[in-house]
Every structure is written in C-alpha cells, then in structure tokens.
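One-letter residues, chain by chain:
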Amino acid sequence: MIGIIDYGMGNLYSVSKALERLNVPYIVESDQDKLRQADGFILPGVGSFKDAMHILTETKLDSFIHEQVAKGKPILGICLGMQLLFEESEENGLTAGLKLLPGRVVRFSGMTKEGKRYKVPHMGWNELIFHQPSPLFDGVDRGHVYFVHSYYVQTNEPTVVLASAQYDVEVPAVVGCGTIFGTQFHPEKSGTLGMRLLQNYARIVERERG
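Residues numbered from 1 in each chain as written. Predicted model: local features only at pLDDT ≥ 70, side-chain atom pairs only at ≥ 80, totals over all residues. Heavy atoms only, no water.

J.: Outline the pairing of strand β2 (residues 26–29), supporting the account with residue identities and numerical values.
T.: Going residue by residue along β2, you find Ile27 and Glu29 tucked away on one face and Tyr26 and Val28 left uncovered on the opposite face. Sheet topology note: the strand β1 (residues 2–5)/β2 ladder contains 4 bridges and is parallel. The residue bridging Ile5 from the neighbouring strand is Glu29, located in β2. Taking the sense of rotation as the criterion, the β-α-β connection linking β1, helix α1 (residues 12–21) and β2 turns out right-handed. (Buried < 20%, exposed > 50% of the residue type's maximum accessible area, 1.4 Å probe, protein only. Helix = DSSP H or I, 4+ residues; strand = E, 2+ residues; numbered from the N terminus. Pairing = 2+ DSSP bridges. Right-handed = clockwise from strand over helix to strand, strands pointing away.)

J.: Explain helix α6 (residues 191–209) to me, and be specific about the residues and the numbers.
T.: Here α6 contains 19 residues, and its C-alpha end-to-end distance of 27 Å stays within 8% of the 27 Å for a straight helix at 1.5 Å per residue. Where α6 is concerned, the buried positions are Leu193, Gly194, Met195, Leu197, Leu198, Asn200, Tyr201, Ala202, Ile204 and Val205. If you follow the buried residues of α6, they end up packed against β1, α1, β3 (40–43), β4 (75–78), β10 (144–149) and β14 (180–183). (Expected span 1.5 Å × (residues − 1). Contact = heavy atoms within 4.5 Å.)

J.: Can you tell me about the UniProt feature "domain: Glutamine amidotransferase" (unreviewed entry) in the protein, naming the residues and giving the values?
T.: Here, the residues flagged by UniProt with the feature "domain: Glutamine amidotransferase" (unreviewed entry) are residues 4–200. Helix and strand shares over residues 4–200 are 25% and 33% respectively, and the end C-alpha atoms of the span are 16 Å apart. (UniProt positions renumbered as here; feature names shortened; annotations may be inferred.)

J.: Residues and numbers for the pairing of β10, please.
T.: Here β10 shows a buried face lined by Val145, Phe147 and His149 and an unburied face lined by His144, Tyr146 and Val148. As paired strands, strand β8 (residues 122–127) and β10 are joined by 6 bridges and run antiparallel to one another. By the bridge assignment, Met123 is partnered in β10 with Val148.

J.: Summarise the sheet that holds β3; cite the residues concerned and give the values.
T.: Here 8 strands make up an open sheet; going across it, the order is β2-β1-β3-β4-β14-β13-β12-β9 and the pairing mixed. At either end of the open sheet lies a strand with only one pairing partner, and these are β2 and β9 (129–130). As defined by bridge partners, strand β12 (residues 161–167) adjoins strand β13 (residues 169–177) across 6 bridges and the pair is classed as antiparallel. Looking at the pairing, Tyr167 lines up with Val169 of β13. Packed on one face of the sheet, α6 meets β1, β3, β4 and β14 and runs near 145° to β3. (Axes fitted to C-alpha atoms, helices over the stretch in contact; angles between N-to-C directions.)

J.: Any details on the packing of aromatic side chains? Residues and values, ideally.
T.: Note on aromatic pairs: each is described by the distance of the centres and the angle between the planes. Considering all chains together, one arrives at 9 aromatic pairs under this definition. On the numbers, 5.4 Å between centres and 90° between planes, the contact of Tyr118 with Tyr167 is edge-to-face. Of this pair, Tyr118 sits in the loop between β7 (101–107) and β8 while Tyr167 sits in strand β12, placing them 49 residues apart in sequence. Among the aromatic residues, ring-to-ring pairing joins Phe108, Tyr118, Tyr152 and Tyr167 into one connected group. (Phe/Tyr/Trp six-rings, centres within 6.5 Å; stacked < 30°, edge-to-face > 60°.)

J.: Please give an account of the nonpolar core that cites residues and values.
T.: By size, the foremost hydrophobic cluster in this structure holds 33 residues, and its most contacted members are Ile2, Ile42, Leu136, Phe185 and Tyr201. Looking at this core, the elements with two or more residues in it are β1, α1, β4, β10, β12, β13 and α6. Counting residues per element, this core draws most heavily on α6, which supplies 8 residues. Those residues in contact with Leu136, other than ones at most four positions away along the chain, are Val174, Phe181, Leu197, Asn200, Tyr201 and Ile204. Ranked by size, the runner-up nonpolar core spans 29 residues in total, among them Ala38, Ile75, Leu101 and Val175. (Core = buried A, V, L, I, M, F, W, Y, C linked by side-chain atoms within 4.5 Å.)

J.: Before we move on, can you summarise the side chain of Ser190 with the specific residues and values?
T.: Secondary-structure assignment places Ser190 in the loop between β14 and α6. Engagement of the side chain of Ser190 in a polar contact is seen with the backbone oxygen of His186, the distance being 2.6 Å. (Polar contact = N/O pair within 3.5 Å; in protein donor to acceptor, adjacent residues only side chain to side chain.)

J.: Report on the UniProt feature "active site" (unreviewed entry) in the protein, specifying residues and quantitative values.
T.: Here the UniProt-annotated "active site" (unreviewed entry) positions come out as Cys79, His186 and Glu188. Of the residues just listed, which span 110 residues, no C-alpha pair is farther apart than 11.0 Å, and they cluster in one region. Note on placement: Cys79 falls in the loop between β4 and α5 (80–84). On the basis of relative accessible area, Cys79 is assigned to the buried category, the value being 8%. Aside from chain neighbours lying at most four places away, what touches Cys79 is Gly45, Val148, Thr183, Gln184, Phe185 and His186. Within the fold, His186 resides in the loop between β14 and α6. The exposure class assigned to His186 is buried, which follows from its relative accessible area of 6%. Among residues more than four places away in sequence, those in contact with His186 are Ile78, Cys79 and Tyr146.

Now the structure itself:
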C-alpha cells in the first residue's frame, strides 16, 4: 500500500485518482501512525518551498519521512514534492529542504545567454532525455511529460539525475538514489508515460516490501 502524505499543499485528488485507475492500494493521510502502515510513499506538492517545509517541520512529518526512508521504504516526490527532497531552495529566501538528495532549487532566470527572454513558469509538454537506468523506466524509452514550475534543481551529482528535459537549461526531470525518487513533472497528468512511471513505482514499493 502507498501512503500519499497529506500536509495541505499537494494535488491529492489527481494523484489518488491515478492510483485508483492503476488499481494500486493507497491511503491519503497526515496521521503518522496510519502512514506507518504504508509500504512506500508519495510526497506531492504545489506552492511555496518555504511554506511546505514550515508545515513539514511543524507537523514533524519531516522527521517521519527520514525515519521511513531510513527503514528502506521508497518515496516518490512529485513537482514541489521532488524539490523538497533536496538540500535547500532559494525560493522566498534560502530554506533548508529534507536533504535526502544533493542539490539546490533555483529559479529560472527567464533570460537566455543570448539575452532573449523566455516564459517563466515552464509550463507544458517536454520530451524526456534519459541518462541513467532505473526500474522507474521499465517499458519506457521515449515520450513527453507535463511540467508546471518556476524553479528547478541544480546538482553537482549527475548520478541522481535519471532523466532531464531542456528548457533553456537542463532541467532534472526524474531523480533518484536507492529507493528515493522524484519527478519534476506531474506523472498523473502526463498520459500513458506518466501512468507507466506510477505503475513502475508501485511495483518498486511492492518489491521492496519483500
């Protein structure tokens, strides 16, 4: 069973409906005792990094996430949820993240090296560029996914970038290390490819359960 972590800043409806379509058992919960029954987790997110980390810290869900990851339970961060997995973000002032993956979240500059402006937020469909093999990609070798974001991850550890997209700069689109995963795009809004990634994540959770 997958626990969708409800901290008040996630797109819970679309994620839960996607799992329903895949016949994947899930719960949507903020209660840690109930979440502990889950075999893996999804951390959704829409909004401000600073606000999200404030809530996770106040509710001690940050400690809960570290506790569960240390036990080897998989976690998948989606959009802002992916960004929260990293060390820090410059959004609304420098804010520490969950520090599960190395890197910093920064804002798109909105200006190319040639001095041309481009739209921020990055919104729409972009093609995935695959870099590292991952069980998340079983049965997936190409395709486009749906992004909506003004901030992106910069990391000096290329091995955590499983796939990227190009939007003036290289944007880490799928990240991962061990049983920690994240997608900058919304898989639940990304058609067949996105649903396959969610299905593959559910299989990872099932496999890790043993």
